Amino acid sequence: LLRHITGDKSICPEGSAGTAFDLNYPSIALSTPLSKAISHVFNRTVTNVGSPTSTYKAIVTTPPGLSIKVNPSVLSFTFLGQKLSFTLTIEGTIDKQIVSASLIWDDCTYQVRSPIALYGDFEAL
């Protein structure tokens, strides 16, 4: 239907089926059953649009009950337009309908913030 409306004839190559979790958005969201163990990995790629040589350190704000880890936790760029990838792993449980956290990449000049939201799924109880 979408191809018919847009006229776009492109197709996804074989073996490239990803998930919505891996769309390269700056924000991160996850729906999960309340009080159930969470273990999820998000893949992201960022592009250097700041100083040609810069090093960004990950700063994570995490609510109680969750562990959020970034790997690598330091991204060192050597030229403009350079792309680097990282993973963000969320583990733990939530006991509220909505829980928020954040990831900030900081190079002491610029800060790039990604909001993280976890939504409790009452229907899964």
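Preceding this section is the structure that the text describes.
Residues numbered from 1 in each chain as written. Predicted model: local features only at pLDDT ≥ 70, side-chain atom pairs only at ≥ 80, totals over all residues. Heavy atoms only, no water.

Novice: Explain the pairing of strand β3 (residues 54-61) to me, and be specific about the residues and the numbers.
Specialist: For β3 and strand β5 (residues 74-77), the ladder comprises four bridges, and the chain directions are antiparallel. In the sheet register, Thr55 faces β5, and the bridge partner there is Ser76. Judged from the five bridges that link them, β3 and strand β7 (residues 98-106) form a sheet pairing that is antiparallel. Across the sheet, Lys57 pairs through a bridge with Asp106, a residue of β7. (Pairing = 2+ DSSP bridges. Helix = DSSP H or I, 4+ residues; strand = E, 2+ residues; numbered from the N terminus.)

Novice: Tell me about the sheet that holds strand β2 (residues 38-47), and please be specific about residues and values.
Specialist: Think of a sheet as strands paired side by side through backbone hydrogen bonds, with each pair either parallel or antiparallel. Overall, antiparallel pairing links the three strands, which are arranged β2-β6-β4 in an open sheet. Each edge of the sheet is formed by a strand with only one pairing partner; in this case those strands are β2 and β4 (66-71). Between one strand axis and the next, the sheet turns by 20° as a mean value, whatever way the strands run. (Axes fitted to C-alpha atoms, helices over the stretch in contact; angles between N-to-C directions.)

Novice: Tell me about the sheet that holds β5, and please be specific about residues and values.
Specialist: Ordered in space as β1-β8-β7-β3-β5, the five strands form an open sheet in which the pairing is mixed. Two strands close off the open sheet at either side, each with one partner strand: β1 (28-32) and β5. On average, adjacent strands in this sheet sit at an angle of 15° to one another, irrespective of strand direction. Taken together, the five bridges between β1 and strand β8 (residues 111-120) define a ladder with parallel strand orientation. In the strand pairing of β8, Thr32 is matched with Gly120.

Novice: So what's going on with the nonpolar core? Residues and values would help.
Specialist: Nonpolar side chains in soluble globular proteins generally cluster together in the buried interior. Counting residues in each nonpolar core, the largest one holds 22 residues, and the members touching the most others are Leu88, Ile90, Ile116 and Leu118. Contributions of two or more residues to this core are made by β1, β2, β4, β5, β6 (83-92), β7 and β8. Apart from residues no more than four positions distant in its own chain, Leu88 is found in contact with Ile28, His40, Val41, Phe42, Ile68, Lys69, Val70, Leu103 and Ile116. (Core = buried A, V, L, I, M, F, W, Y, C linked by side-chain atoms within 4.5 Å. Buried < 20%, exposed > 50% of the residue type's maximum accessible area, 1.4 Å probe, protein only. Contact = heavy atoms within 4.5 Å.)

Novice: Which residues make up the packing of aromatic side chains, and what are the values?
Specialist: The description of an aromatic ring pair rests on the distance of the ring centres and on the angle between the ring planes. Scanning the entire structure with this criterion turns up two aromatic pairs. For the ring pair Tyr56 and Phe77, a centre distance of 6.0 Å and an interplane angle of 85° mean the geometry is edge-to-face. Remark: Phe77 occurs in strand β5 and Tyr56 occurs in strand β3; sequence separation between them is 21 residues. Assessed through its relative accessible area of 8%, Tyr56 is described here as buried. In this structure Phe77 comes out as buried when scored by relative accessible area, which is 6%. (Phe/Tyr/Trp six-rings, centres within 6.5 Å; stacked < 30°, edge-to-face > 60°.)

Novice: Would you mind going over the layout of surface pockets in detail, with residue names and values included?
Specialist: The volume enclosed by the largest pocket comes to roughly 350 Å³. Among the secondary structure elements, those contributing two or more residues to the lining of the largest pocket are β2, β5, β7 and β8. For the lining of the largest pocket, the leading source of residues is β2, giving four residues. Here the lining of the largest pocket is built from residues that sort into 13 nonpolar, six polar and one charged. (1 Å grid on protein atoms, 1.4 Å probe; cavity = no way out; pocket = protein on both sides within 12 Å on 5 of 7 lines; lining within 4 Å. Points joined across faces, edges and corners; volume = space filled by probe spheres on them. Nonpolar A, V, L, I, M, F, W, Y, C, P; charged D, E, K, R; others polar.)

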